[in-house]
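# Observations on the model geometry
Chain by chain, the residues:
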Amino acid sequence: MTAWSYYIATLTVYFGVNVLSALSLNLQFGFAGVVNFGYILFQAVGAYIAAVVVLGPSSAFQQYVFGARLPFGVALLLATLAGAVLSLLIGLFSLRNIRRDYQAAILLIISLMATQVVQGYVPLFNGSNGVTGVPRPLSSVPLSLQGYQWAYAGWVLLVAALAYALVTWLSRSPWGRALRALRDQEDAAAAIGLNVTALRLQVFVIGGALAGLSGGLLVEYIGAWSPDAWGYAETFVIFTALFVGGIGNYRGAVLGVLLVPIIFLELPRFLPQVGYPGLMDSMEWIAIGAIWMLCLYIRPQGIVPERRNRAARTAAADARPARESVEVA
Amino acid sequence: MSLLAAHDVVVAYGGVRAVNGVSLELAAGESLGLIGPNGAGKSSFLAALGGQVRLTAGSIALDGEEVGGMPPYKRARRGITRTFQMTSEFAKMTAFENLVTAGHGAEGASLRNVVVRRRRTRAAERAVAARAWSVLDRFEMAHVADLYGAELSGGQRRLVEIMRCLMREPKVLLLDEPMVGVAPHLVDKLLADLRSIRDDGIALVIVEHALEVVQELCERVVVMALGRPIAAGTFDEVVSEPEVQAAYVG
């Protein structure tokens, strides 16, 4: 039973972390049309920062920058900040007035370059070996291992729920509406007075902060982080979850996370192994690509499509009482 | 002083000068037609006025203020807004949302206002919604308020674009081929709508291939060919000029 408990608790942590990722990408891509193919980089920076600021000073065993022993709450804040600052720096030059597909390509290339830099320059985050031995948060709290795991899973779910509330609120605000205008028709959005560059940068930074937070939450649970953990393909798993669940709809994003990185990617563990070792794992990535393409072909709006905001139902329309019963065609 | 004044505007794409020294002045409530054969530089000139392309040389002033170096959103906030040759409705937003998105003032829909100045933002939302309904009513479009931009007909999309511009309360409205995609029986309605907008004191600059529309709507017409103005005057005056006939017929 303990093994099952550990497995389910770990899966719950991954679910919460992936929900944060999906919320972040849905805000950026689903609402603002920013195709962040470098998403995983921002999660990785959060994970690295959260790790090195609790690991203590760099040692002969592993080398890294910013070594410190800070409380885990501070580490999470710094991870969030790191995601935001890196997004700002990268967004400032990659999200200028250039075509959207070029922006996506630039972001993907940056994330690939970053992997190489982290692998090649050991003093940064201990190279290919990555950082290990990240201490368990709140280790002084008297909890059994099992109890701790479930407490941590609950904590991650709570953070994910708060993030859900935040992005939903922002997306329904006039600012969120401006993002959708930017997504649908950038030139027209600018021509009616929206500062599209600023909007894009803002959404990129907020998404980056959530990504950093998700990395921090994950590394404090699994205790280690290396370049192997943040291959560019991870970004596409979250994109696939969005396309399956529904772009521009946060409930769809959560559903997509449940279906793709949790159920679909975990199922093969319970199937008999076929072929040589590793074949099933490789097939999974091929299947992820196939699901994405299939979804675009059969149901591009996803299982839960973007919701239509009917004018009569919004508070704004109440300013005009005579139209409370607008018929919807 | 004229409302809009463009002087010696040059727009070059690489070595090609799409607009090569065009000047014009426009008063409030005036409508100006820009006509000419394909490749004359009309749309590029309109884009130069709206800020979608950079000026290679020249200047553009609105109410005496130089706006030639400003990005499109700043020009829109000062009163120059536009529609596009390909309809530019926000496809996955309702017609109502298309309008209210344009309704906030220079800083209204900003993240700062949404997060910090919540009460003020809510009040602005109510005012904008009321204005959107009045604009929808004026153009007899309230019945499509909840339809997505992508679900509207060609003519309705044009109208949504124009109404969206009006939500900004512009001084100058730039229209790039507003009759493209509009069903023939709706052309007269759109013409009447544009006339009423002009009568509100909004200056119109219209690029249009349908010459009868220009004849109906514009007091003044500028004919362009190869990036330069080759004739200016009333519609009847310019079409009788031999140079204009040569440019069209070749």
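This one's a predicted model, so the numbers in the text were calculated from it and none came from an experiment. (Residues numbered from 1 in each chain as written. Chains lettered and ligands numbered in written order. Predicted model: local features only at pLDDT ≥ 70, side-chain atom pairs only at ≥ 80, totals over all residues.)

### Let's talk about the pairing of strand β7 (residues 172–176) of chain B
Residue and element names in this part refer to chain B. Rule in force here: In this scheme every C-beta is placed from the backbone, and a residue whose C-beta has 20 or more other C-beta atoms within 10 Å is buried, one with 12 or fewer is exposed, and one in between is partly exposed. A helix here means a DSSP run of H or I that spans at least four residues, while a strand means a run of E at least two residues long, and both kinds are numbered starting from the N terminus. Any two strands with at least two DSSP bridges between them are considered paired. Crossover handedness is defined here as right-handed if the route from the first strand over the helix to the second strand goes clockwise, with the strands pointing away from the viewer.
The element β7 is extensively covered by neighbouring structure, given that five of its five residues are classed as buried. Of the two faces of β7, the one carrying Val172, Leu174 and Asp176 and the one carrying Leu173 and Leu175 are both buried. Here strand β6 (residues 80–82) pairs with β7 via three bridges, running parallel. Residue pairing for β7: Ile80 is matched across the bridge by Val172. Pairing geometry for β7 and strand β8 (residues 203–207), over five bridges, is parallel. By the bridge assignment for β8, Leu175 is matched with Ile206. Handedness of the β7-helix α7 (residues 184–199)-β8 crossover: right-handed.

### Quick notes on the sheet that holds β6(B)
Residue and element names in this part refer to chain B. This is how the line gets drawn: The convention used is that axes are lines fitted to C-alpha atoms, helices contributing only their stretch in contact, and that angles between N-to-C directions extend from 0 to 180 degrees.
The six strands lie next to each other as β6-β7-β8-β3-β9-β10, forming an open sheet whose pairing is mixed. In this open sheet, the two edge strands, each paired with only one partner strand, are β6 and β10 (228–233). Pairwise comparison of adjacent strand axes, ignoring direction, gives a mean angle of 20 degrees for this sheet.

### Details of the environment of Gly21(B)
Looking at where Gly21(B) falls in the secondary structure, it is placed in strand β2 (residues 16–26). On a C-alpha basis, the gap between Gly21(B) and Asp193(B) in space is 32 Å, while along the polypeptide they are 172 residues apart.

### Remarks on the domain arrangement of chain B
Cut-off, in case you're wondering: An automatic or database domain assignment is the source of the domain bounds shown.
In terms of domain boundaries, chain B breaks down into domain 1 (4–86 + 170–249) and domain 2 (90–151). Distance between the C-alpha centres of domain 1 of chain B and domain 2 of chain B: 27 Å.

### Considerations on unusual backbone geometry
Residue and element names in this part refer to chain B. Look at Asp8: it is not a glycine, yet its phi comes out positive at around 45 degrees. Positionally, Asp8 belongs in strand β1 (residues 4–13). Judged by C-beta crowding, with 13 C-beta atoms within 10 Å, Asp8 ranks as partly exposed. At Glu177, a residue that is not glycine, the phi angle is positive and equals roughly 50 degrees. Within the secondary structure layout, Glu177 lies in the loop between β7 and α7. Judged by the 22 C-beta atoms lying within 10 Å of it, Glu177 falls in the buried class.

### Describing the nonpolar core
The tendency in soluble globular proteins is for nonpolar side chains to be buried as a group. What counts here: Take the buried Ala, Val, Leu, Ile, Met, Phe, Trp, Tyr and Cys residues, join any whose C-beta atoms are within 7 Å, and the set you get is a nonpolar core. We call two residues in contact whenever the C-beta atoms placed from their backbones are within 7 Å.
Ranked by size, the top nonpolar core spans 175 residues in total, and within it Ala50(A) and Ala51(A) carry the most contacts. Considering each element in turn, this core owes the most residues, 15 residues, to helix α2 (residues 39–55) of chain A. Summarising the domain contributions, this core has at least three residues from each of domain 1 (4–86 + 170–249) and domain 2 (90–151) of chain B. Sequence-distant contacts of Ala51(A), defined by excluding residues within four places in its chain, comprise Val131(A), Val134(A), Val219(A) and Trp225(A).

### Looking at the interface of chain B and chain A
Where we set the bar: Just so you know the grouping, Ala, Val, Leu, Ile, Met, Phe, Trp, Tyr, Cys and Pro go in nonpolar, Asp, Glu, Lys and Arg go in charged, and all remaining residues, Gly too, go in polar.
Contact residues are listed per partner, giving 40 residues for chain B and 32 residues for chain A. Counting residues per element, the ones that place at least two in the side of chain B that touches chain A are α2 (72–78), β6, α3 (95–101), α4 (111–115), α5 (118–138) and α6 (154–167) of chain B. Top element by residues in the side of chain B that touches chain A is α5(B). It accounts for six residues. Each residue belonging to the side of chain B that touches chain A can be placed in one class, and the counts come to 20 nonpolar, 11 polar and nine charged.

### Digging into the environment of Val187(B)
Residue and element names in this part refer to chain B. On the secondary structure map, Val187 appears in helix α7. Along the backbone, Val187 and Glu219 are 32 residues apart, and their C-alpha atoms lie at a distance of 19 Å. Ignoring anything within four residues of it in the chain, the contact list for Val187 reads Met179 and Val182.

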